[in-house]
Amino acid sequence: MRGHIRKRGKDSWEVRVDIGRDPTTGKRRQVSRTVRGRKRDAEALLASLISQHELGIDAPRGRQTVGDFLQHWLREYAKPNTAPKTFRRYEEIVRLHLTPVIGSMSLSKLRPSDIQAVHRKVAEKGLSARTALHCHRVLKEALQHAVKWQFLSLNPAHRVDAPRPQRHDMAAQRPDDLKRLLDAADKTRYGPLVTVALLTGLRMGELFGLRWLDVDLDDGILRVQQTCQWLSGEGFIFRQPKSHRSTRPVALSPDTVEILRVRRVSYLEERLAAGTAYEDSGLVFADALGRPLHPHTVWDGWRRIVKAADLPRLRFHDLRHAHASLLMAQGVHPKIVSERLGHSSVSITLDIYSHVAPNLQADAAAGLDTLLKRGKA
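A.B. asks: Is there a simple way to explain helix 10 (residues 295-308) in this structure?
C.D. replies: Relative to the 20 Å expected for 14 residues at 1.5 Å per residue, helix 10 spans 20 Å between its end C-alpha atoms, a close match to the ideal helical length. Looking at helix 10, one finds that the buried residues are P295, V298, G301, W302, I305 and V306. Buried positions in helix 10, seen along its axis, are confined to an arc of 140 degrees and lie on one side of it. Structural note: helix 10 exposes R303, R304, K307 and A308 on the side pointing more than 90 degrees away from its buried face. Looking one or two places after helix 10, you find D310, whose phi comes out positive at around 55 degrees.

Written out as structure tokens, the structure reads:
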């Protein structure tokens, strides 16, 4: 590949790169850019354009906007590399919050102050600082790919402080409240689902995707191998967990094993009763015809359970938090809790749940006294 630089004015340079011939017309193709500044700036751009072409990245013709690049990033990176639900959230953030504010701007001219404007616009809509933080993270990740793909030399988002949502410590549920919740759940078809969720800490999608072949009742262990998500317009989607740490073994308590044994009998009875109408996908938790549980149906049942237990504003996901909180409060090592939850690192577990174990620091301090105890004369 050939390229050259030509001086056009006092502080202006033309950078031109030959990118070969059009395979259809045979005509010579070139990319041309104008740079204002020093010759070294033009040389840097020339090297960047040549490198982009060699990596198989089409150098954008003319003025590439932030909106154009974000669509390119969604299509080329986000869609093939993230879960469908995550991609839909990314697309929504780009469409609703990023493109309206900075979409028409030139990518090369994007500045930290423009990113700060995105934060301000989110706040002006009356949305939370957490929403602004999600927008910041998506934009920062996209721009990091712009650097990796050599569309930008620096990521301007690195120079912008991320929004800081007000932190709310995770409230620990009292054992008596949880017992009342389980009693209410046992009066519905969701009793086994709710109890296993509390005793294992699995996410809803992990519970919905759990198969009998992933469960070893004799050894008292299950393995999280897949998740099941519902997306409007696409239906049920089964896929591997989002990270290698999410794909994990989870030890089962004797009570959990017994609950799953009873559930196994119910599964066989439902399959026999439905006959040929039963769609057997081998799921541990399914409807009466073997189909995956629809989250909206479960949420409706969950609200009735919570109301019967007189526990307002309790989410299904709070069962996972309750599982971790109870373990931490008993002094279970945070590493074990982190492994059961499938967190990417133990620091995440400690950051979320350490406040529910107030005796940890006191026990640690007392342990030092014991370790270093000296005899007194």
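And the narrative resumes.
A.B. asks: Please explain the packing of aromatic side chains as it appears in this structure.
C.D. replies: What the rule picks out here adds up to nine aromatic pairs. Ring centres of W149 and F151 lie 6.5 Å apart, and the angle between their planes is 80 degrees; this geometry places the pair in the edge-to-face category. Its relative accessible area of 16% is what places W149 among the buried residues. On the basis of relative accessibility, which here comes to 14%, the residue F151 falls in the buried class. Clustering of aromatic rings is evident, with ring pairs tying together F69, W149 and F151. The ring of W13 is capped by K7, whose NZ or CZ atom sits 4.4 Å from the centre of that ring. Against the face of W212 rests R264, its NZ or CZ located 5.1 Å from the ring centre.

A.B. asks: Hey, could you run me through the sheet that holds strand 8 (residues 249-251) in this one?
C.D. replies: Remark on secondary structure: sheet strands pair via backbone hydrogen bonds, oriented parallel or antiparallel. Spatially, the three strands line up as an open sheet ordered 4-5-8, and their pairing is antiparallel. Across the chains shown, the open sheet's two edge strands, defined by having one partner strand only, are strand 4 (215-216) and strand 8. Here strand 5 (residues 221-223) runs beside strand 8; their pairing, made up of three bridges, is antiparallel. From the neighbouring strand, L222 faces strand 8, where its bridge partner is V250.

A.B. asks: Quick question: what am I supposed to make of helix 3 (residues 84-102) here?
C.D. replies: Given 3.6 residues per turn, any residue in an α-helix points the same way as the ones three and four places further on. Taking 1.5 Å per residue as the helical rise, helix 3 with its 19 residues ought to reach 27 Å, and the 25 Å between its terminal C-alpha atoms agrees with that figure. By the largest-angle criterion, V94 marks the main kink of helix 3, which is about 40 degrees. Every buried residue belonging to helix 3 is among P84, F87, Y90, I93, V94, H97, L98 and I102, and all of these are buried.

A.B. asks: Which parts of the structure should I look at to understand the nonpolar core?
C.D. replies: A general trend in soluble globular proteins is that nonpolar side chains are found buried together. Core analysis: the largest hydrophobic core is formed by 41 residues, its most contacted members being L181, L193, V194, L207, F285 and F316. Secondary structure elements with two or more residues in this core: helix 6 (175-185), helix 7 (191-200), helix 8 (204-209), helix 9 (254-274), helix 10 and helix 11 (318-329). Residues in contact with L181, not counting those within four places in the same chain, are W302, I305, V306, A309, L311, L314 and L319. Membership of the second largest hydrophobic core comes to 29 residues, among which are V122, C135, V138 and L139.

A.B. asks: Just to check I follow, could you spell out the pattern of salt bridges for this structure?
C.D. replies: Charged atoms that come close allow side chains of opposite charge to pair. For the structure shown, the criterion picks out 20 salt bridges. Linking E124 and R120 is a salt bridge whose minimum nitrogen-to-oxygen distance equals 3.7 Å. With a gap of four residues between them, E124 and R120 both fall in helix 4 (residues 112-124), about one helical turn apart. In this structure, the salt-bridge partner of D177 is R174, at a minimum N-O distance of 3.1 Å. Residues joined in a network through salt bridges with shared partners are R6, E14 and R16.

A.B. asks: How do you make sense of the environment of V122 when you look at a structure like this?
C.D. replies: Take V122: it is sitting in helix 4. By relative accessible area, which is 2% here, V122 ends up buried. Here the alpha-carbon distance between V122 and L98, two residues 24 residues apart in the chain, equals 9.5 Å. With near-sequence residues (within four places) excluded, V122 lies in contact with H97, L127, S128, T131, A132 and C135.

Rules used throughout
Residues numbered from 1 in each chain as written. Predicted model: local features only at pLDDT ≥ 70, side-chain atom pairs only at ≥ 80, totals over all residues. Heavy atoms only, no water. Helix = DSSP H or I, 4+ residues; strand = E, 2+ residues; numbered from the N terminus. Expected span 1.5 Å × (residues − 1). Buried < 20%, exposed > 50% of the residue type's maximum accessible area, 1.4 Å probe, protein only. Arc of directions from axis to C-beta. Phe/Tyr/Trp six-rings, centres within 6.5 Å; stacked < 30°, edge-to-face > 60°. Lys NZ or Arg CZ within 6 Å of the ring centre and 35° of its normal. Pairing = 2+ DSSP bridges. Bend = angle between axes of the 7 residues up to and from the residue. Core = buried A, V, L, I, M, F, W, Y, C linked by side-chain atoms within 4.5 Å. Contact = heavy atoms within 4.5 Å. Salt bridge = Lys/Arg side-chain N within 4 Å of Asp/Glu carboxyl O.

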